[in-house]
Amino acid sequence: MKAAIIVFPGTNRERDMKIALERASGHAPAMLFHRETELPAGTDLVVLPGGFSYGDYLRCGAMAAQSPIMAAVRAHADRGGLVLGVCNGFQIMIEAGLLPGGLLRNATLRFLSMDCRMRVERAGTPFTGRWQKGATFRAPMAHGDGNYFADEATLDRLEGEGLVAFRYVDDRGEVTPEANRNGSARNIAGILSPNLRMCGLMPHPEDLVDPLMGGEDGLPMFESLVESLAETA
Amino acid sequence: MKLLVTVMPKNGVLDPQGKAIAQALGTLGFGGVNDVRAGKVIELDVAETDPAKARAAAEEMARKLLANTVIESFRVETA
């Protein structure tokens, strides 16, 4: 797997992401500064990691979405390349128009720093291949603006086309308002692009990939990516 | 010339900031505040001197960057 992690000013989860990708693939990903204009040759996965790019100025992800490197990321996406965006990375993907909707301030106005539970809504994608549909797993979250919003028509389309990747659920795996800490529309935690090659989500699977971190609940996402690339190789 | 771009959460989009401000106003004893919506104002100083052209440019800026039209609406005025 040739992965490239994009680093913006204010990104702070790039090393966590590197650990996760390295653990799953055995290869160190490239770290690319936002001023670059090209991805390393042969890059098959671009990761936009978490953090607070550009201090969340204007809107979370709005500035990063206009960075020089994003033209190359967009071209990579247009070629059907894999793109993963976590937390601020999800916000950047939305601001760049790679995924639909918007991420509003959490409904409680509180910054949420806690574990959540996600349910896999769409199995068999490059991001979820190692899970069964309906499987649940724990993931840390740390965000102030993760309240997923889209108009009803867009939400219906996402659901109808099976593009909801993950939903916030309670310990029994049920979709409840209590499990939906940030107030996201229809408990949506993560979504997919129509070609299933791009995924954005708010929680941080990369922060639970080693027993030393307190669990390996997030590892299947990265193993899924490695597996999907091995299949296409 | 100067332009003001007012960016507001769209109607129907949850505005937790506005809600919190409304609550605080109530706490301060300001009764009768039915609703509060919080947005932002962006002031632009542009070289263009033709108001129609300046306004059109500002609207383009708002659509491309200043507002996220999925969740926000905007209004451009010449100052």
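Worth saying up front: this structure is predicted, and the values here are computed from it rather than measured.

## Thoughts on the overall build of chain A
So, point 1. Scanning chain A from terminus to terminus reveals five helices and eleven strands.
So, point 2. For chain A, the C-alpha radius of gyration of 16 Å lies close to 17 Å, the compact-globule estimate for 233 residues.
So, point 3. Overall, the C-alpha framework of chain A stretches about 45 × 40 × 35 Å when taken along its three principal axes.
So, point 4. The 233 residues of chain A split such that 58% are buried.
So, point 5. When contacts within chain A are restricted to residue pairs at least 6 apart in sequence, long-range pairs at least 24 apart make up 75% of them.
So, point 6. Total accessible area on chain A is roughly 9,200 Å²; 49% of this is exposed by carbon and sulfur atoms.
So, point 7. Charge-centre separation for chain A: the mean point of 23 positive side chains lies 1 Å from the mean point of 29 negative side chains.

## A word on the pairing of strand E2 (residues 30-33) of chain A
All names here are of chain A.
So, point 1. Note: strand E1 (residues 3-7) against E2, four bridges, orientation parallel. Bridge pairing in E2 places Ile6 opposite Leu32.
So, point 2. Where the polypeptide runs from E1 across helix H1 (residues 14-25) and back to E2, its parallel neighbour, the crossover connection is right-handed.

## A word on the UniProt feature "active site" (unreviewed entry) in chain A
Residue and element names in this part refer to chain A.
So, point 1. Within this structure's numbering, the places UniProt gives as "active site" (unreviewed entry) are Cys87, His204 and Glu206. These annotated residues cover 120 residues of sequence, and their C-alpha atoms all fall within 11.0 Å of one another, placing them together at a single site.
So, point 2. Examined against the element boundaries, Cys87 turns out to sit in the loop between strand E4 (82-86) and helix H3 (88-95).
So, point 3. Looking at the element boundaries, His204 is found in the loop between strand E11 (198-201) and helix H5 (219-232).
So, point 4. Those residues in contact with His204, other than ones at most four positions away along the chain, are Arg13, Gly50, Val86, Cys87, Ala139, Pro140, Met141 and Ala142.
So, point 5. At 2.8 Å, the side chain of His204 and the side chain of Glu206 are in polar contact.

So, how was this worked out
- Residues numbered from 1 in each chain as written.
- Chains lettered and ligands numbered in written order.
- Predicted model: local features only at pLDDT ≥ 70, side-chain atom pairs only at ≥ 80, totals over all residues.
- Heavy atoms only, no water.
- Helix = DSSP H or I, 4+ residues; strand = E, 2+ residues; numbered from the N terminus.
- Rg over C-alpha atoms; globule rule 2.2 N^0.38 Å.
- Buried < 20%, exposed > 50% of the residue type's maximum accessible area, 1.4 Å probe, protein only.
- Contact = heavy atoms within 4.5 Å.
- Areas by Shrake-Rupley, 256 points an atom, 1.4 Å probe, with all protein chains shown as cover.
- Lys, Arg positive; Asp, Glu negative; His and termini not counted.
- Charge placed at Lys NZ, Arg CZ, Asp CG, Glu CD.
- Pairing = 2+ DSSP bridges.
- Right-handed = clockwise from strand over helix to strand, strands pointing away.
- UniProt positions renumbered as here; feature names shortened; annotations may be inferred.
- Polar contact = N/O pair within 3.5 Å; in protein donor to acceptor, adjacent residues only side chain to side chain.

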